[in-house]
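Each chain, letter by letter, is given below.
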Amino acid sequence: MDLLLIIKGESRKGKIVLTRVQQKSNVPFDRLKIYLSELKDLDMIQDETSPTPTEKGLQYITEYEKVLDFMKRMGLIYR
Amino acid sequence: MNNLVLILLESISAVMAAVLVRFMIKPYRMTGESRYLGLPLGFAFLGISYIFMGVSLFVEDPLVVDRVKWLQLFMGAYGFVFLAVTYYFSARTPQRGSRIFMHVIVSLAFLVLVLLFIILFLPPVFAVPGYREADEYFRLFSMILAVYVTLTALRSHALKPEPKTILAPLGYALLGFSQYSFLIWSLDSSFSAFAGAHVIRIASLLVFLFVSYKAIIATPQEAVV
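Since this is a predicted model, take the numbers as computed values, not measurements.

## A look at the overall build of chain A
A tally of regular secondary structure across chain A gives four helices and zero strands. In chain A, the succession of helices and strands from N to C terminus is α-α-α-α. Structurally, chain A occupies a C-alpha span of about 35 × 25 × 25 Å along its principal axes. Within the span of chain A, comprising 79 residues, buried residues form 34% of the whole. Of all intrachain contacts in chain A linking residues separated by at least 6 positions in sequence, the fraction that spans at least 24 positions is 35%.

In structure tokens form, the structure reads like this:
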């Protein structure tokens, strides 16, 4: 889910560069590709090489942001 | 008449806790991450304790009342333990460790439940202390845990102060204060302390309902990444 949030953040800046996604997610490149493939299979992103969130992905992100907001309001900050 | 009012107050608390659990289980249902189970489990146990308290006020058989009251004590304490463990691990350990610990806690909880059943419902094996005496210790224990959770939530708020993050510490503080009021009732049997404890508890549950509603149902544009 955090990866999808990073992708969403990067997509706001324009073209998504995988190296920047990898740096921000702090995940080895080979594992990042596996995660991206999983996200593609789940129809959360459009393309693995230059991932952009799909409509379904954006909806999921919105719901996940609500979860994060709820945890924040409850004083729960996970590291 | 007094009993009817108290049963009503316990029922209201139980319904509010059930609604809270419905809200709070959503993060777990969405992500499948067990770290999100602590809150709903904690409030579920608290809700069950309110149901047991209501039943103990409703039933007339003293033997049943005694056993149900004991169950209520344990369920309430479990609720606070789950909440304290959730807050403790949210700030300290990586996800994997907290998941394992949560499983251990659930297993231990189950084990203690079985032991409790054996002690209460099978022929006497162990000497059980009087309910009133145990009630005082349990209330004190729950109050300490509530204070811990309040301080942890308050620390999160202090790290990044926002008006919306002050409500949860307030809710936990009220929950702890209701335990204090129950403790006073345990010591001096005053009706005002007992009724006050119920009112404060309902106020705290209302605070949590408001927080949950605002985050999960209302104003999606306020969501934070």
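Moving on from the coordinates now.
## Structural notes on the interface of chain B and chain A
Contacts between the two partners involve 26 residues from chain B and, on the opposite side, 19 residues from chain A. Of all elements in the fold, only α2 (26-31), α4 (62-92), α6 (131-159), α7 (167-188) and α8 (191-217) of chain B reach the threshold of two or more residues within the side of chain B that touches chain A. Class assignment of the residues belonging to the side of chain B that touches chain A gives a composition of 16 nonpolar, seven polar and three charged.

## Some points on the confidence of the model for chain A
When pLDDT is averaged along chain A, the result is 84, and 97% of the positions lie at 70 or above. Between the elements of chain A, mean pLDDT differs from a low of 80, seen in helix α1 (residues 2-13) of chain A, to a high of 88, seen in helix α4 (residues 55-73) of chain A.

## Thoughts on the confidence of the model for chain B
Looking at chain B, pLDDT values average 83 and 81% of them are 70 or higher. No element of chain B has a lower mean pLDDT than helix α5 (residues 95-121) of chain B, which averages 64, and none a higher one than α7 of chain B, which averages 93.

## Observations regarding the nonpolar core
If you look at the biggest cluster of nonpolar residues, it comprises 75 residues, and the most contacted ones within it are A17, L20, F45, V81, A84 and V149 of chain B. Excluding its chain neighbours within four sequence positions, the residues that come into contact with A17 of chain B are F43, L46, G47, Y50 and L205 of chain B.

Analysis parameters
Residues numbered from 1 in each chain as written. Chains lettered and ligands numbered in written order. Predicted model: local features only at pLDDT ≥ 70, side-chain atom pairs only at ≥ 80, totals over all residues. Helix = DSSP H or I, 4+ residues; strand = E, 2+ residues; numbered from the N terminus. Buried ≥ 20, exposed ≤ 12 C-beta atoms within 10 Å, placed from the backbone. Contact = placed C-beta atoms within 7 Å. Nonpolar A, V, L, I, M, F, W, Y, C, P; charged D, E, K, R; others polar. pLDDT = per-residue confidence, 0-100. Core = buried A, V, L, I, M, F, W, Y, C linked by C-beta atoms within 7 Å.

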